[in-house]
Amino acid sequence: MPIRASIFLFCLVRITMAQLLAQEEKEKTTALKDLLSRIDLDELMKKDEPPLNFPETLDGFELAFNEHGQLRHIHTGEPFVFNYKEDLHRWNQKRYEALGEEGYGVIVLNPNENSLEVEKVPDSAKKPSPDASDEPAEKRERKEERENKKKKDFYEKYRNPQKEREMEHIPIRENSTPEEHTLYVWDHFISKSLAKNIFIVAHSYGGLSFVNLMIQREAEVKNRIRAVAMTDSVHNVWHQEANKSIRDWLREHCCNWVSSPEPLDTLVDPMLNDCPRVSAGTEKHELTSWKSFHSIFKFFRDALKNHEDESSSSPVTTRSSHRIKNEDL
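From a predicted model like this one, the values you see are computed outputs, not experimental measurements.

Peer 1: Lay out the packing of helix H6 (residues 205–216) against helix H8 (residues 244–253) in plain terms, naming residues and giving numbers.
Peer 2: Packing of H6 against H8 brings their axes to within 10 Å, and their N-to-C directions diverge by 130°. As far as their axial angle goes, H8 and H6 are oblique. In the packing of H6 onto H8, the handedness of the crossing is right-handed. Across the interface between the two elements, Phe210, Val211, Met214 and Ile215 from H6 touch Ile246, Trp249 and Leu250 from H8. Looking at the contact of H6 with H8 residue by residue, the class counts come to 7 nonpolar, no polar and no charged.

Peer 1: Could you give me a rundown of the state of the cysteines, with the residues and numbers involved?
Peer 2: Applying the stated criterion across every chain, the model contains 0 disulfides. In this structure Cys254 is not part of a disulfide, and its nearest cysteine sulfur, from Cys275, lies 3.3 Å away. Between Cys255, a free cysteine, and Cys275, which holds the nearest cysteine sulfur, the sulfur-to-sulfur gap is 6.8 Å. Of the residues examined, Cys255 reaches a relative accessible area of 8% and is grouped as buried.

Peer 1: Explain the environment of Glu101 to me, and be specific about the residues and the numbers.
Peer 2: Here Glu101 shows up in the loop between helix H3 (89–100) and strand E3 (115–119). Sequence separation between Glu101 and Thr57 is 44 residues, and the spatial gap between their C-alpha atoms is 8.5 Å.

Peer 1: Account for the packing of aromatic side chains, with residues named and values stated.
Peer 2: This model, assessed by the stated rule, comprises 12 aromatic pairs. Measuring from ring centre to ring centre gives 5.8 Å for Phe82 and Tyr96, while their planes differ by 65°; the resulting arrangement is edge-to-face. Taken together, the residues Phe82 in the loop between strand E2 (71–73) and H3 and Tyr96 in helix H3 connect sequence positions 14 residues apart. Relative accessible area serves as the criterion here: at 26%, Phe82 is assigned to the partly exposed category. For Tyr96, a relative accessible area of 43% gives the class partly exposed. Pairing Trp290 with Phe293 gives two aromatic rings, centres 6.0 Å apart and planes at 40°, and the pair type is tilted. Three or more aromatic residues joined by ring pairs make a cluster, and in this case those are Phe65, Phe199, Trp257, Trp290, Phe293, Phe297, Phe299 and Phe300. Here the basic side chain of Arg95 rests over the ring of Tyr84, its NZ or CZ set 4.0 Å away from the ring centre.

What counts as what
- Residues numbered from 1 in each chain as written.
- Predicted model: local features only at pLDDT ≥ 70, side-chain atom pairs only at ≥ 80, totals over all residues.
- Heavy atoms only, no water.
- Axes fitted to C-alpha atoms, helices over the stretch in contact; angles between N-to-C directions.
- Helix = DSSP H or I, 4+ residues; strand = E, 2+ residues; numbered from the N terminus.
- Parallel < 35°, antiparallel > 145°, perpendicular 65-115°, else oblique.
- Left-handed = near helix turned anticlockwise from the far one by under 90°.
- Contact = heavy atoms within 4.5 Å.
- Nonpolar A, V, L, I, M, F, W, Y, C, P; charged D, E, K, R; others polar.
- Disulfide = S-S within 2.5 Å.
- Buried < 20%, exposed > 50% of the residue type's maximum accessible area, 1.4 Å probe, protein only.
- Phe/Tyr/Trp six-rings, centres within 6.5 Å; stacked < 30°, edge-to-face > 60°.
- Lys NZ or Arg CZ within 6 Å of the ring centre and 35° of its normal.

Below, the structure is given as structure tokens:
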């Protein structure tokens, strides 16, 4: 009996000790979690990282797009390296985000999709009535011929599944033409954006759509848009009946890179006196935007600089200046 009691007591003590150890471990875990919750990991990581001062242009990062559209280091030709500094993930992430900010928000219009293509629903009025017993024989024969033709068409489609079905196009509301689509995107998105400086790249028929936008929203466009780069544009300011103020604005703020055998940016004789025409460096219409890519963005940078210079040099009207003028009077 004493032996059994001692064994029971030993087991009881052992179980109690295990419970105490588990409780102690739980309390340590809770305390550790509480400590970690009060530590600002971002602040801790900032102590050992360099300042978050990054360039504002691709040139500052010593990066550029090559002729294949790939982002490469301008000296080594190597692709972008995310882990620029070892063991500094937060700094590398911030550098990556800074690279992604070239200062441009981009909206890509889709002016060529103006309708939805759906399968045409057969007219129910043309279906034969279920009870045709009272119809004249001649009329029934014509119906039978039509039914036979339908069956023949069905078997033809079965044998040739590639045969097109009868389709119809449903216009997209307020976007049924490229001109409507451009106007809709301007009114609902671009004009409502916070962007102070807007640049337009208009390819082919897009140039015509832009001129139409100017005709419809002249004051807004002149106030928000700094420059327009057209690529092989088919616009015609005379046929579109653009007024003189629009034609004058286009001559000053627009350039059209056209398909030509001449080297890139070579001045081309203008067909119409609306905006300068230069060579896109290719004779292929569909490549004019890509081939003139770098020239277009240089054109945009120069236009922005000119706008900023003009803004900074403009005199600021103050009450004192008005007072002096009044006293002079």
